[in-house]
Amino acid sequence: MSATKTAAAPRHNPKVVTALRRFAISISVLNIFGYTVLGFEQPWTWPFIALAAGYTTEILLEILGARAEGRAPRFAGGGAKGFMEFLLPAHITSLAVNMLTYVNDLVWVMVFGVIVAVGTKWVLRAPVKGRLRHFMNPSNFGIAVILLLFPWASIAPPYHFTEYLDGGFDWLVPAIIITLGTMLNAKLTERMWLILAWVGGFALQAIVRGLLFDTSIPAGLAMMTGVAFVLFTNYMITDPGTTPSSKWGQIAFGGGTAALYGVLTAMSVAYGIFFATALVCAIRGVFLWTADIVSRKRAEEALAVAAVTHSVAQADAVAQGQTGAARTEVTVADAEGCACPAGACACPAPATAETGKIPVTA
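Residues numbered from 1 in each chain as written. Predicted model: local features only at pLDDT ≥ 70, side-chain atom pairs only at ≥ 80, totals over all residues. Heavy atoms only, no water.

Let us now look at the nonpolar core. Membership of the largest hydrophobic core comes to 67 residues, with the highest contact counts inside it found for M99, I143, W198, L231 and F274. Here I143 is in contact with A96, V97, L100, T101, I155, M236 and F274, once residues within four sequence places are set aside. (Core = buried A, V, L, I, M, F, W, Y, C linked by side-chain atoms within 4.5 Å. Buried < 20%, exposed > 50% of the residue type's maximum accessible area, 1.4 Å probe, protein only. Contact = heavy atoms within 4.5 Å.)

This is the structure in structure tokens:
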């Protein structure tokens, strides 16, 4: 390793940084209103504990990663602004895990979920355009791990976001989230195809489950009106770092998540929305690794074919050179009076000095 470390490449492009900044502002404002007006049930100190855990994990893992890769940490050299932008993903992840899970009074379970969520970005990675990038949605994965390892844990209750609102104002919260989230995703994350596929697929799976298993179709569709679903749709499943950017990739991701949710729900798996998202992210990760391996193999085969072609061309060039040399020798022989190989034909004998005639063979 050289004495001077290479400078860290920009972590996100400007549009993504703007999106992350607005995500962070939105979730911070929601938490402030949640603890003062809406009725969040976790202790008010827990968001600060979650942030401390998330920030610490992000900084430590970045330092270790920078040393292993021989570069400067991404939070270094950008001043206070660069440091805050570096912590934006951890800020969003930490508040989301705390806000959307309910683990009774066991704060260490929430901290564990935050650490897993932030840490998974360094473990579950796949090659994207020549760089290793995380493919698992951090907040969703942290929540899914909590639900999987601690069966007594749950998602925040439905009244979590509107407990103290009445007189029709309980519709104001989802309306604001939908409006701000739609503007954010349309202009910055550019994930509207994913949202349309997810919402359309979710409605379709509710209808299909009703027809096949005689479940309540209105109840299945009513879930789409809850604040939790609206938050998930606008601020979690649209994570630009772990979702495809192409139109058809977004449609496949959103529609696939809805389809898997329908399957898990039909199998009586609770909180299927988080497990379905994690499964689709995992499938995408496998696809990215497979595509990279196939691409490398094809590149190696192309190089091998090119090497063989080059060798054949060189051999042809050598052969042509030898043929040209043989032809030159024949031309010289012709000039000397005979171009016939020995025994193939009779060459006239050279003229003698005595007779001046050329003897003819009988």
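More follows now that the structure is in view.
Here we come to the pattern of salt bridges. One pass over the full model with this rule turns up 7 salt bridges. Across the pair E190 and K15 runs a salt bridge, and its minimum N-O distance is 2.9 Å. Of the two residues, E190 sits in the loop between helix 6 (172–189) and helix 7 (192–213) while K15 sits in helix 1 (residues 14–38), which places them 175 residues apart along the sequence. Take E190: its relative accessible area is 44%, and that puts it in the partly exposed class. Its salt-bridge partner being E69, residue R71 comes within 2.6 Å of it at the nearest N-O pair. We classify R71 as buried; its relative accessible area is 7%. Overall, E69 belongs to the partly exposed group, its relative accessible area being 42%. Each of the salt bridges in this network shares a partner with another, and the network as a whole consists of E62, E69, R71 and R74. (Salt bridge = Lys/Arg side-chain N within 4 Å of Asp/Glu carboxyl O. Helix = DSSP H or I, 4+ residues; strand = E, 2+ residues; numbered from the N terminus.)

On to the pairing of strand 2 (residues 125–128), then. Consecutive residues of a regular strand have side chains that alternate between opposite faces of the sheet. Here strand 2 shows a buried face lined by R125 and P127 and a second buried face lined by A126 and V128. In the sheet, strand 2 pairs with strand 3 (residues 131–134) via 4 bridges, with the strands oriented antiparallel. Bridging from a neighbouring strand, R125 pairs with H134 of strand 3. Turn length for the strand 2-strand 3 hairpin, with the two strands adjacent in sequence and antiparallel, is 2 residues, and the turn residue K129 shows positive phi of about 55 degrees. (Pairing = 2+ DSSP bridges.)

This brings us to unusual backbone geometry. With a phi close to 60 degrees, D214 is a non-glycine residue in the positive phi region. Inspection of the secondary structure puts D214 in the loop between helix 7 and helix 8 (217–222). Classification of D214 by relative accessible area gives exposed; the value is 71%. One non-glycine residue with positive phi stands out, namely Y271, at about 55 degrees. Within the secondary structure, Y271 is located in the loop between helix 10 (247–266) and helix 11 (272–336). Relative accessible area serves as the criterion here: at 34%, Y271 is assigned to the partly exposed category.

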